[in-house]
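Chain by chain, the residues:
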Amino acid sequence: MPKIPADATFVPGDGVAAVDRALAVASVLAQSSTTLTLADLARLTGMYKSTLLRLLASLQRSGLVVHRSDRRYALGPLAFLFGRAFDQTYGLRDGVYPVLEWLVTQHTESPSFHVLHGKTTRLCLFRIDSPHATLDRVREGDVLPLDKGAGGRALAAFAQGASAKAPLVFTSYGERDPLCAAIASPVFGPSGLLLGALSLSGPLERFSEHAVQRMSMLLLTAAETATRSLGGRWPGALAPMERRRA
């Protein structure tokens, strides 16, 4: 069961404290791979059960959370509507999923697409496993650190939008997981808005210099294709490998 970073949710910001706390509870449920008990939520959020019960009652009334017959909590139908609206607004699945599928056909490592999630984390929005026998453990819905891994650093570098100064391919070797490596590239929307980062990740031993060079070229092609599909403009006019070394 995931342990949610403390700074990602539970300290009230500029909004109403109760709203911040309610959204923190919903975030914990969203990041969990299973339903949760009240005791689970108390442990993961650090909140008192009495506080949680009040917040959960409000979330249940809105349909964002449901209380199941087994006395466990899960996200409700409103969460599905939010997700569908987000996808429809940005068209991310239509723009990103085809390039993930294309990357797999090119015999790369497993492709995924990550978006910013708070100030210190990122969310794996889409993922397709490669046909390799051994894989890394990234899954759709996983919340990962922003300061570790190629995907996180690609997002951090372009959080303020497209820039001609930053490299377009980022690499990491054993940063987040000592047995895994990754390469990543940003994807942009209209007006240089950062939409997310494409990444290729897998076991460290398969990331030889030759493999990284080959996959970097494919990743740049995929990121540029996704950017153009989503109404963005690919930055820079340098050759792909010059961009990677920048």
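Residues numbered from 1 in each chain as written. Predicted model: local features only at pLDDT ≥ 70, side-chain atom pairs only at ≥ 80, totals over all residues. Heavy atoms only, no water.

*Asks:* Quick question: what am I supposed to make of the environment of Ser 58 here?
*Replies:* Along the chain, Ser 58 turns up in helix H3 (residues 49-62). For Ser 58 and Ala 22, which are 36 residues apart along the polypeptide, the C-alpha to C-alpha distance reads 8.2 Å. (Helix = DSSP H or I, 4+ residues; strand = E, 2+ residues; numbered from the N terminus.)

*Asks:* What's the story with helix H5 (residues 92-105) in this structure? I'm lost.
*Replies:* Within an α-helix, residues lying three or four positions from one another point in the same direction, as the helix has 3.6 residues per turn. Given a rise of 1.5 Å per residue, 14 residues ought to cover 20 Å, and the 20 Å separating the end C-alpha atoms of H5 matches this to within 8%. Taken as a whole, H5 has its buried residues at Leu 92, Gly 95, Val 96, Val 99, Leu 100, Leu 103 and Val 104. Buried residues along H5 cover an arc of 155° about the axis, so they all sit on one side. Two residues or fewer past H5, His 107 is found with a positive phi of approximately 65°. (Expected span 1.5 Å × (residues − 1). Buried < 20%, exposed > 50% of the residue type's maximum accessible area, 1.4 Å probe, protein only. Arc of directions from axis to C-beta.)

*Asks:* Please clarify how the pattern of salt bridges should be interpreted in this entry.
*Replies:* If charged atoms from side chains of opposite charge come close, those side chains can pair. For the structure shown, the criterion picks out 10 salt bridges. Of the charged contacts, one joins Arg 72 and Asp 40 as a salt bridge, the two residues approaching to 3.8 Å between their closest N and O atoms. Taken as a pair, Arg 72 in the loop between strand S1 (65-67) and strand S2 (73-75) and Asp 40 in helix H2 (residues 38-45) lie far apart in primary sequence, 32 residues in all. Given the relative accessible area of 23%, Arg 72 is considered partly exposed. The buried category is assigned to Asp 40, whose relative accessible area is 14%. (Salt bridge = Lys/Arg side-chain N within 4 Å of Asp/Glu carboxyl O.)

*Asks:* Even after reading the chapter, I still don't get the pairing of strand S3 (residues 110-117), so can you show me in this structure?
*Replies:* Looking along a regular strand, one sees side chains alternate from face to face of the sheet. Most of S3 is tucked away, with 6 of its 8 residues classed as buried. Strand direction decides the pairing type here: S3 and strand S8 (residues 194-203), joined by 5 bridges, are antiparallel. The residue of S8 that forms the bridge with Ser 112 is Ser 199. Both S3 and strand S4 (residues 121-127) contribute to a ladder of 6 bridges, which runs antiparallel. Along S4, the bridge assignment pairs His 117 with Thr 121. The turn joining S3 and S4, which pair antiparallel and follow one another in sequence, is formed by 3 residues; a positive phi near 80° is taken by Gly 118. (Pairing = 2+ DSSP bridges.)

*Asks:* What is the right way to look at the sheet that holds S4 in this model?
*Replies:* For sheets, the rule is that strands pair by backbone hydrogen bonds, running either parallel or antiparallel. If you walk across this open sheet you meet the 6 strands as S5-S4-S3-S8-S7-S6, and the pairing is antiparallel. Taken across any chain shown, the strands that pair with only one partner, and hence form the sheet edges, are strand S5 (143-145) and strand S6 (170-173). For this sheet, the mean inter-axis angle between neighbouring strands, taken without regard to orientation, is 35°. Both S6 and strand S7 (residues 180-188) contribute to a ladder of 4 bridges, which runs antiparallel. Within S7, the residue paired with Phe 170 across the bridge is Ala 184. Along the sheet face, H5 touches S3, S4 and S8 and points at about 70° away from the line of S4. Packing of helix H6 (residues 150-157) onto the sheet brings it into contact with S3, S4, S5, S6, S7 and S8, and relative to S6 it is tilted by some 145°. (Axes fitted to C-alpha atoms, helices over the stretch in contact; angles between N-to-C directions. Contact = heavy atoms within 4.5 Å.)

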